[in-house]
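Each chain, letter by letter, is given below.
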Amino acid sequence: MLSYQHAYHAGNYADVLKHIVLIQSLKYLKAKDKPLCYIDTHAGSGDYKLNSNEAQKNQEFLGGIGSLWQRDDLPACVAYYINLVKDFNYSEQLSHYPGSPLIAGQLLGENDRLFLYELHTAESRLLNDCVKKDKRIKVFRADGLKDSLGLLPPKENRGLILIDPSYEIKHEYQTVVDALKAMHKRFATGCYCLWYPVVARKRNQYMERALQTSGIKNIQLFELGILPDSEEHGMTASGIIVINPPWTLLADMQTVLPWLAEILGENQQGHYRAEQLVGE
């Protein structure tokens, strides 16, 4: 359960989608000058060096942010994301990729709070070293799906919760739905972002149906695929499900996703979804 390390996948097409949605959601929430609580249930190590042995093994970033880095025709949402990542690089060359905690930290203000959970011992240690100078941030080596429930509702009464498991075990598709239902019961107005991979479409269909029948309202789904669904081993697409999304998000993603599918899809086989899964 603790074998997953994001360093092998940092900056890939799944990160591109996840972080564009995260950025657009946080920008919207921060348009209101009130404190915000950010919770990351699977925070990873925070900062990823793309020249590391892990990142270089499969060079997944080349099919993600690497394909966007030098382009001059980026849609506005993608350009904002690329410029934010450039802030973490010391030259025009792409060498570092910030994880969700650093991206959130860059967008949030001095009166906001960030709670980062990471159960993997080595990853948690790296994360703590990465953010320890930031007084807004608390790092926990704990199960974020279970332990973060105690933070809800946050004292700010405004918050974004990012849930980004590895899905190494099949029952996580059910676990995340149960966790979301429990979180939403305590904090119904929060914005929840749930990332998912597509490795076996039936599991995703089950999770979607479970959310559609959960009683939770206002759910949107955004998915980016680089290859058609397959019975072969490996991820062909990934997505992010957003509860209580910014009202601008669906229109933004309906513009961005077709472009990303065309640019990042392999052999012109890219595809996407952008839809309202449950109405308000």
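Residues numbered from 1 in each chain as written. Predicted model: local features only at pLDDT ≥ 70, side-chain atom pairs only at ≥ 80, totals over all residues. Heavy atoms only, no water.

**Q** Requested: an account of unusual backbone geometry, with residues and values cited.
**A** Cis rather than trans, the peptide bond between Leu-152 and Pro-153 has omega equal to -5°. You can see Pro-153 is positioned in the loop between helix H6 (144–147) and strand E6 (159–163). Its identity is not glycine, yet Asn-267 carries a phi of approximately 55°, on the positive side. Using a relative accessible area of 68% as the deciding quantity, one classes Asn-267 as exposed. (Helix = DSSP H or I, 4+ residues; strand = E, 2+ residues; numbered from the N terminus. Buried < 20%, exposed > 50% of the residue type's maximum accessible area, 1.4 Å probe, protein only.)

**Q** I'd love a proper account of the pairing of E6, names of residues and values included.
**A** Buried residues dominate E6, accounting for 5 of its 5 residues. Along E6, one buried face is formed by Gly-159, Ile-161 and Ile-163 and the opposite face, lined by Leu-160 and Leu-162, is buried too. Where strand E1 (residues 37–40) and E6 come together, 4 bridges link them in parallel fashion. Note that in E6 the partner of Asp-40 across the bridge is Leu-162. Crossover E6 to strand E7 (residues 191–198) through helix H7 (residues 172–186) is right-handed. (Pairing = 2+ DSSP bridges. Right-handed = clockwise from strand over helix to strand, strands pointing away.)

**Q** Any details on the packing of aromatic side chains? Residues and values, ideally.
**A** Two aromatic rings are characterised by how far apart their centres lie and by the angle between their planes. Scanning the model with the defined rule gives 4 aromatic pairs in all. Ring geometry for Tyr-117 versus Phe-140: centroids 4.9 Å apart, planes at 20°, classification stacked. One end of the pair, Tyr-117, is in strand E4 (residues 113–117); the other, Phe-140, is in strand E5 (residues 137–140), and 23 residues separate them in sequence. Phe-140 gets classed as partly exposed once you look at its relative accessible area, which sits at 30%. Between Lys-27 and the ring centre of Tyr-80, over which it is positioned, the NZ or CZ distance is 3.9 Å. Its guanidinium or amino end placed over the ring of Trp-69, Lys-86 lies 5.4 Å from that ring's centre, counting from NZ or CZ. (Phe/Tyr/Trp six-rings, centres within 6.5 Å; stacked < 30°, edge-to-face > 60°. Lys NZ or Arg CZ within 6 Å of the ring centre and 35° of its normal.)

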